[in-house]
Amino acid sequence: MNHPTMDHRGPEFGDITTDILAKSKQLFQTSGDVIIYPSSGTGAWEAALTNLFNPGDKILAFETGYFALLWKNLAQKIGLEVEWLKSDWRHGVDPNQIESALKNDQVKAIKGVMVIHNETCNGITSDLRSIRQAIDNANHPSLFLADVVSSLGTTAFNQDKLGVDVAICASQKGLMMPPGLGFNAINEKALNYSKNSKFSQPYWKWDRIIEMNKTGYYPYTPASGLFFGLNEALDMILEEGLDQVIERHRILGEACRVATDTWGLDNQCLNSSEYSDSTTALIMPEGHNADELRKTIYNELNMSLGTGLGQLKSKVFRIGHLGDMNELMLMGTLSGVEMGMQMADVPFNKGGVQAALNFLAENNKANMS
Ligand code: PLP
């Protein structure tokens, strides 16, 4: 990213964009188009909705947690009607509820189902395959929109196989980048559907960008500095191999949970099949404040843990284990948490770090050639 700024209308930039777009398709596993915006994930959410729908359209959303809530609020603010399936921020999307809501919609008023694949606020990963199945079981024409902001490059995701019409992502999580790039990966159904949208937010419109992307350019000034980083990030992921990257996250996620189970802290995610391999959100013991613990660890050990968001504020803290992360980095992180809890007089069972270390050592031993 320290590359000198390049003429974004010059010949070299066109080649870089063309290369990036081809590799991005491999990452999303789509034969459709990948649109990259100079935006955060929130911009990419807005882009997806304003490209597809019309003011007053109805969409279906599930309350997995804070980010589902923010996306739902955004949808309402731009004039969409949202059928909101409420939940307790401790479970992923319930496909049965999606299926019945769609079956009840006999006039097919619902135009889109939007879900967060990995809820970053509570470390809960929903099963996209069952949600796709639910939409199909209801025989409903609704579009399927999935936010993969904190799951792309950490958790198995194959857009074409899952029949996700629009996948929304951002640069700052599994892509190991600073914030600043937003993504919409879209299939042909979504692109065709977008032709009837009456929202008038020209900056986000897919068709203009797709047209210019054909030669590697953008209708506006792209975030060219970040493109150099993205190019490298995509190379790193593809060189390691997507399956290996996902497997590395699975092992690191499991090692983290071995430690947290030993400590005796409750995982905010109640269903073990929905544990996230990107983040683990832990509930503080009664009478203890998560942000006080985070403050101690930040001030004394110079390590920053994720805060509890929305209704989880001060009740949970989060350990991130995604992106450019390896076993020793995770062990450093877990050591910081265990030390910090002792320093802050938080009650816990010692030995989480040792248990995670044993788990990783045994796992490596089994895979040694
Ligand atoms: N979706 C998820 C799952 C997220 O974790 C985030 C941010 O952390 C967002 C959307 C919003 O992205 P941004 O903060 O980049 O606008």
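Residues numbered from 1 in each chain as written. Predicted model: local features only at pLDDT ≥ 70, side-chain atom pairs only at ≥ 80, totals over all residues. Heavy atoms only, no water.

## Details of the nonpolar core
- Core analysis: the largest hydrophobic core is formed by 82 residues, its most contacted members being Phe28, Ile36, Leu49, Leu145 and Trp206.
- When neighbours within four sequence positions are excluded, Leu145 is seen to be in contact with Ala48, Leu49, Leu52, Phe53, Trp71, Val113, Met114, Val115, Val166 and Ile168. (Core = buried A, V, L, I, M, F, W, Y, C linked by side-chain atoms within 4.5 Å. Buried < 20%, exposed > 50% of the residue type's maximum accessible area, 1.4 Å probe, protein only. Contact = heavy atoms within 4.5 Å.)

## Some words on the side chain of Ser197
- Along the polypeptide, Ser197 turns up in the loop between helix 7 (188-194) and helix 8 (206-213).
- Once residues within four sequence positions are removed from consideration, Ser197 is found in contact with Thr50, Asn51, Leu52, Phe53, Asn54 and Lys205. (Helix = DSSP H or I, 4+ residues; strand = E, 2+ residues; numbered from the N terminus.)

## So, the site of the ligand
- Within the structure, the ligand sits among 13 residues, and Ser40, Thr42, Thr120, Asp147 and Lys173 are positioned closest to it.
- Within the backbone of Gly41, a nitrogen or oxygen atom sits 2.8 Å from an oxygen atom of the ligand.
- Note that an oxygen atom of the ligand is positioned 2.7 Å from one of the side-chain N or O atoms of Lys173.
- Protein burial of the ligand: of its 380 Å² of free accessible surface, 86% is covered by the chains. (Near = heavy atom within 4 Å. Polar contact = N/O pair within 3.5 Å; in protein donor to acceptor, adjacent residues only side chain to side chain. Areas by Shrake-Rupley, 256 points an atom, 1.4 Å probe, with all protein chains shown as cover.)

## Digging into helix 3 (residues 66-77)
- Over its twelve residues, helix 3 extends 16 Å from the first C-alpha to the last, a length consistent with the 16 Å expected when each residue adds 1.5 Å.
- Taken together, the buried positions of helix 3 are occupied by Ala68, Trp71, Lys72, Leu74 and Ala75. The arc enclosing the buried residues of helix 3, seen along the axis, measures out at 160°, which places them on a common side.
- One or two positions beyond helix 3, positive phi appears at Gly79, with a value near 105°. (Expected span 1.5 Å × (residues − 1). Arc of directions from axis to C-beta.)

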